[in-house]
Amino acid sequence: MKKYFYFMTEGDQWFDVAKKLYDEKIAEPVLWLGDDCHYKKAKTIFGDNVVFMNTFVNRPYEINEIKYEGENHDFYFSKNYLRAKDRCLKMMDRLDLYGFFGRIDREVYFNKITAWTLKKVQNSKPDFLLAAEAPHDHAKYIIYEICKFLEIPIYKFNTWNLSPLIYLQNMINGEKIKKTISLKSSFDKKVKKDVDDYVNSVARKGQKFEFSYMKNQKLKSRWYYKLYNFFVKGNSIRGHGGIRDQYLDIRHNIGMILRRKYNPINPYRAGYLLRLMFKEHRKLNLRRQINKFQDDYSFDEKYVYFPLHFEPERTTNPDGGFFHDQLVALIMLRQLVPKNIFIYIKEHPSQKLVGAKGSRGRSPLFYNMVKNISNVKIVDLNEDSYKLLNKSLFTATISGSIAFESALLGKKSIVFGTTWYDGCPNIFNWNKNLTYNEIISSKIHNVDSINEFLYHEIDNYTVLGFQNGSKLRRFNEFDTSSFRKIQLKGIFHLINNLIKTI
């Protein structure tokens, strides 16, 4: 039986497939790290291999008795260690609720999880790491980099944006795990209809298409929704109301004081009103800078369009690879594009709409830095993205949907990271040898070529499945007992195919 490290989300399918692999003596998780909704039932089966996520990620200072003796210590001298440390300290922005979580405390979080993992790998000797989604918190990312350094195979599931489809991919070389059996179901027509509807709305009808999550964020910015959100719904996946969320926040902070525990998230023991004031000031500072550094621009100019990603989402997503930092991608784009051609950048709408998270992830000084890169212009946040796309020479992104939309509209694009639509016609993956002339002189493929690419991917690599709760909420009409059965069958098939090759 193979041994593996396992990262999973809240979906029941990820528990069910692990249990099925174990019951059939195919594979056993020797580290289970994921949503704590599975914790109790996983603990009864896999024992001490199951880690309590809330402690491991949010409060690693409560982990005791590691007894680290220098196992796998060569990791500390590797590029993986330096890369992991840089990225993980940024990933902890998600925990920085009030703006008080400092570098010296973050480093202790990082070093404690690192020591724990190095010893765990030595003792458990996993054959591979399997992730239901890309490792996008600091704890999982540390484990990912350690496995990468120790040459332990790493695989993750990716999701499509157009329909509830997932596929399994090698995180090191990008190779996709191919299906070897037919998995036809009554949902296939609906899936292809979702794909066709999207393609038709963008390419054939020329209509602006907006994903549901963006519509929801715009809704959440309205005053009446904020009022409803605070008193009734709340932001939590578990459905707690806003008042309850605030109550839990206050209770936790008071509890830390009463127990005389050091709280790195709130080390100065700021009260509720003071914490609220700091958060509001951070949001206000960011929004002022967005407006201050906006440029004059014209659609008559020659330019490349580079819409920004939301932070801290971008710095928690390893799909960007080397381009974890958006400024690095922007600088490489500037190096690629002739100096007399402008680069237009536009702030991500979520940066303003969901200001609480945005203020943690983007420095107000970011825009000043951008203005110091030659011939880069910051356009109006409210400017129409489709007009910017259509008037551009081509578009660029780390892993956003803009490249796929560009391809459908007959525009070329550069992608710096990895995406679900990798290999799509009209899209270039950045590499050191790519040239501006190569992009400009290349053939533009029609929509039929893109449809052919999409159907090929569906038929050969994807299975029906939800990666996490957000996808389930977007495609809730698929959430039926028959869907759950075919979902489990498909996920199990891909993992079993993978294990046969390890």
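Everything quoted here is computed from the prediction, not taken from an experiment.

**Looking at the pairing of strand β5 (residues 165-170)**
Next up, step 1: A large share of β5 lies buried, amounting to six of its six residues.
Next up, step 2: Side chains of β5 alternate between two faces, with Leu165, Tyr167 and Gln169 and Ile166, Leu168 and Asn170 buried alike.
Next up, step 3: Taken together, strand β4 (residues 154-159) and the strand that follows it, β5, pair antiparallel across an intervening segment of five residues.

**Some remarks on the nonpolar core**
Next up, step 1: Counting 42 residues, the largest nonpolar core has Phe5, Phe56, Phe110 and Ile143 as its most contacted members.
Next up, step 2: Those elements that place two or more of their residues in this core are β1 (2-8), β2 (27-34), α3 (53-58), α4 (79-91), α5 (103-124), β3 (128-131) and α6 (138-149).
Next up, step 3: For this core, the element with the highest residue contribution is α6, accounting for seven residues.
Next up, step 4: Not counting residues within four places of it along the chain, the set of residues in contact with Ile143 comprises Phe5, Phe7, Leu31, Leu33, Phe56 and Thr117.

**Observations regarding unusual backbone geometry**
Next up, step 1: Residues other than glycine seldom take positive phi values, yet Lys67 does so here, at roughly 55°.
Next up, step 2: Tracing the sequence through the fold places Lys67 in the loop between α3 and α4.
Next up, step 3: Residue Lys67 is classed as exposed on the basis of its relative accessible area, which comes to 59%.
Next up, step 4: The phi dihedral of Arg260 is positive, around 55°, even though this residue is not glycine.
Next up, step 5: Along the polypeptide, Arg260 turns up in the loop between α10 (242-258) and α11 (272-292).

**Examining the environment of Gln169**
Next up, step 1: With respect to the helices, strands and loops of the structure, Gln169 is situated in strand β5.
Next up, step 2: For Gln169, a relative accessible area of 7% corresponds to the buried category.
Next up, step 3: For the pair formed by Gln169 and Phe483, sequence separation is 314 residues and the distance between their alpha carbons is 22 Å.
Next up, step 4: Apart from the residues lying within four places of it in its own chain, the contact partners of Gln169 are Ile154, Tyr155, Lys156, Asn158, Gly174, Glu175 and Lys176.
Next up, step 5: Here Asn158 takes part through its side chain, which lies 2.5 Å from a polar atom of the side chain of Gln169.

**Considering the sheet that holds strand β12 (residues 463-464)**
Next up, step 1: Spatially, the six strands line up as an open sheet ordered β2-β1-β3-β4-β5-β12, and their pairing is mixed. What marks the edges here is a single partner per strand, and that holds for β2 and β12.
Next up, step 2: With five bridges connecting them, β4 and β5 associate as antiparallel partners. Bridging across to β5, Lys156 finds its partner in Gln169.

**Observations regarding the layout of surface pockets**
Empty space among the atoms becomes apparent when a probe as large as a water molecule is rolled across them.
Next up, step 1: When its volume is computed, the second largest pocket comes out at roughly 580 Å³.
Next up, step 2: If you go around the second largest pocket, you meet 26 residues; those closest to its centre are Met171, Pro318, Gly321, Phe322 and Thr418.
Next up, step 3: The set of elements that each furnish at least two residues to the lining of the second largest pocket consists of α4, α6 and β5.
Next up, step 4: The element best represented in the lining of the second largest pocket is α6, accounting for four residues.
Next up, step 5: Counted by class, the lining of the second largest pocket contains 10 nonpolar, nine polar and seven charged residues.

**Observations regarding the packing of α4 against α5**
Next up, step 1: Two elements in contact, α4 and α5, have axes separated by 10 Å at closest approach and are oriented at 125°. By the angle between their directions, the pair α4 and α5 is classed as oblique. Crossing geometry of α4 relative to α5 is assigned as right-handed. Between α4, through Tyr81, Ala84, Lys85, Cys88, Leu89 and Lys90, and α5, the contact on the second element is made entirely by Arg103, Arg106, Glu107, Phe110 and Asn111.

**Things to note about the state of the cysteines**
Next up, step 1: One pass over the full model with this rule turns up zero disulfides.
Next up, step 2: Note on Cys88: no disulfide assigned, nearest cysteine sulfur contributed by Cys147 at a separation of 13 Å.
Next up, step 3: Assessed through its relative accessible area of 0%, Cys88 is described here as buried.

**Details of the confidence of the model for the protein chain**
Low pLDDT means the predicted atomic positions in that stretch should not be read closely.
Next up, step 1: Across the protein chain, the average pLDDT comes to 89, with 90% of residues at 70 or higher.
Next up, step 2: Residue range residues 234-240 is modelled with pLDDT below 50. Its contacts to residues more than four positions away, or to other chains, number 16 contacts.

**A closer look at the pairing of β1**
Next up, step 1: Most of β1 sits out of view: five of its seven residues are buried.
Next up, step 2: Looking at chain direction, β1 and β2 are connected through seven bridges and run parallel. Bridge pairing in β2 places Lys2 opposite Ala27.
Next up, step 3: For the crossover that starts at β1, traverses helix α1 (residues 12-23) and ends in the parallel β2, the hand is right-handed.
Next up, step 4: Taken together, the four bridges between β1 and β3 define a ladder with parallel strand orientation. By the bridge assignment for β3, Tyr6 is matched with Leu130.

**Quick word on the pattern of salt bridges**
Next up, step 1: Scanning the model with the defined rule gives 27 salt bridges in all.
Next up, step 2: The salt bridge partner of Asp325 is Lys90, with a shortest N-O separation of 3.6 Å. Of this pair, Asp325 sits in the loop between β6 (303-307) and α12 (326-336) while Lys90 is found in helix α4, placing the two residues 235 residues apart along the sequence.
Next up, step 3: For Lys90, a relative accessible area of 24% puts it in the partly exposed group.
Next up, step 4: The salt bridge partner of Lys140 is Asp137, with a shortest N-O separation of 2.8 Å. The residues Lys140 and Asp137 share a single accessibility class, namely buried.
Next up, step 5: Linked by salt bridges that have partners in common, Lys85, Arg103 and Glu107 make up one network.

About the cut-offs
- Residues numbered from 1 in each chain as written.
- Predicted model: local features only at pLDDT ≥ 70, side-chain atom pairs only at ≥ 80, totals over all residues.
- Heavy atoms only, no water.
- Buried < 20%, exposed > 50% of the residue type's maximum accessible area, 1.4 Å probe, protein only.
- Helix = DSSP H or I, 4+ residues; strand = E, 2+ residues; numbered from the N terminus.
- Pairing = 2+ DSSP bridges.
- Core = buried A, V, L, I, M, F, W, Y, C linked by side-chain atoms within 4.5 Å.
- Contact = heavy atoms within 4.5 Å.
- Polar contact = N/O pair within 3.5 Å; in protein donor to acceptor, adjacent residues only side chain to side chain.
- 1 Å grid on protein atoms, 1.4 Å probe; cavity = no way out; pocket = protein on both sides within 12 Å on 5 of 7 lines; lining within 4 Å.
- Points joined across faces, edges and corners; volume = space filled by probe spheres on them.
- Nonpolar A, V, L, I, M, F, W, Y, C, P; charged D, E, K, R; others polar.
- Axes fitted to C-alpha atoms, helices over the stretch in contact; angles between N-to-C directions.
- Parallel < 35°, antiparallel > 145°, perpendicular 65-115°, else oblique.
- Left-handed = near helix turned anticlockwise from the far one by under 90°.
- Disulfide = S-S within 2.5 Å.
- pLDDT = per-residue confidence, 0-100.
- Right-handed = clockwise from strand over helix to strand, strands pointing away.
- Salt bridge = Lys/Arg side-chain N within 4 Å of Asp/Glu carboxyl O.

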